[in-house]
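Here are the chains, one letter per residue:
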Amino acid sequence: MPTDHDYMLHTLRLAKSAEEAGNLPIGALIVLDGQVIAEGKNRLWFPTPNPGRHAEIDALANVDPALWTRAKEMTLYTTLEPCLMCLSTILLHHIGRVVYGAKDPRGGALCTVGHMPAPFEHFYKKMEISGPALPEECDELFHKMVHIIEARIKKEK
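Conventions adopted
Residues numbered from 1 in each chain as written. Predicted model: local features only at pLDDT ≥ 70, side-chain atom pairs only at ≥ 80, totals over all residues. Heavy atoms only, no water. Helix = DSSP H or I, 4+ residues; strand = E, 2+ residues; numbered from the N terminus. Rg over C-alpha atoms; globule rule 2.2 N^0.38 Å. Buried < 20%, exposed > 50% of the residue type's maximum accessible area, 1.4 Å probe, protein only. Contact = heavy atoms within 4.5 Å. Areas by Shrake-Rupley, 256 points an atom, 1.4 Å probe, with all protein chains shown as cover. Lys, Arg positive; Asp, Glu negative; His and termini not counted. Charge placed at Lys NZ, Arg CZ, Asp CG, Glu CD. Polar contact = N/O pair within 3.5 Å; in protein donor to acceptor, adjacent residues only side chain to side chain. Expected span 1.5 Å × (residues − 1). Core = buried A, V, L, I, M, F, W, Y, C linked by side-chain atoms within 4.5 Å. Phe/Tyr/Trp six-rings, centres within 6.5 Å; stacked < 30°, edge-to-face > 60°. Lys NZ or Arg CZ within 6 Å of the ring centre and 35° of its normal.

**Structural notes on the overall build of the chain**
A tally of regular secondary structure across the chain gives five helices and five strands. Listed by position from the N terminus, the elements making up the chain come as α-β-β-α-β-α-β-α-β-α. Relative to the 2.2 N^0.38 estimate, which gives 15 Å for 157 residues, the radius of gyration of the chain is 15 Å and therefore close to what a compact globule would have. Along the first, second and third principal axes, the C-alpha atoms of the chain reach 45 × 35 × 30 Å. Per-residue burial for the chain yields a buried fraction of 47% across its 157 residues. For the chain, restricting intrachain contacts to residue pairs at least 6 apart in sequence, the fraction spanning at least 24 positions comes to 62%. About 8,300 Å² of surface is accessible on the chain, with carbon and sulfur atoms providing 57% of the total. Computed over 17 positive and 20 negative side-chain charges, the inter-centroid distance for the chain is 5 Å.

Shown next as structure tokens:
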């Protein structure tokens, strides 16, 4: 049976695929009963601009609707600590476990724990979250992401 490490390596491949397509290098997948049931990767800019196409949101959108009754049994793996939008969505969908690859000091939402509305805090307390799971590999992707964003900002000026 695959391990957390194996699933994280899978997210790295998804992140690299996102980067090759011209998006930010972030990948995510969802596992249930030892099987990958959904994958996602960052698709903010390509094939068409869409501000909501974060890797975690993309993976959640790909879950078979018939499986949502088992959300508490699902594990979401992602290369980067979820942002506020993704963490909120993960909590509202009652995902039971999250494993992230690298911390995100610029946009990660775990700093909001203890400051969220009561329902979100309630859902958070029921969820297991761990990371950084592959800091060396995923930190490299984080730094690439920062470089890509800074280059886009510089280009816009």
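**Topic: the side chain of Thr89**
Tracing the sequence through the fold places Thr89 in helix α3 (residues 84–92). For Thr89, a relative accessible area of 18% translates into the label buried. At 2.8 Å, the side chain of Thr89 and the backbone oxygen of Met85 are in polar contact. Sequence-distant contacts of Thr89, defined by excluding residues within four places in its chain, comprise Ile57 and Leu60.

**Side note on helix α5 (residues 135–156)**
In this model α5 runs 31 Å from its N-terminal to its C-terminal C-alpha over 22 residues, within 8% of the 32 Å that 1.5 Å per residue would give. Those residues of α5 that are buried lie in contact with α1 (4–20), β3 (75–80) and β4 (97–102).

**Points about the nonpolar core**
It is characteristic of soluble globular proteins that their nonpolar side chains tend to be buried jointly. Among the nonpolar cores identified, the biggest contains 45 residues, and Ile30 and Leu91 are the most heavily contacted of them. Of all the secondary structure elements, the ones that give two or more residues to this core are α1, β1 (27–32), α2 (55–61), β3, α3, β4, α4 (118–126) and α5. The contact partners of Ile30, leaving out residues within four places of it in the chain, are Gln35, Val36, Ile37, Ala38, Ala59, Leu60, Val63, Met74, Thr75 and Leu76.

**Description of the packing of aromatic side chains**
Taken as a whole, this structure holds one aromatic pair when the rule is applied. Judged by centre distance (5.0 Å) and plane angle (35°), the rings of Tyr7 and Tyr77 are tilted. Of this pair, Tyr7 sits in helix α1 while Tyr77 is found in strand β3, placing the two residues 70 residues apart along the sequence. By the burial criterion, Tyr7 is buried, and Tyr77 matches it. Residue placement shows Arg152 over the ring face of Trp45; its charged tip is 3.7 Å from the ring centre.

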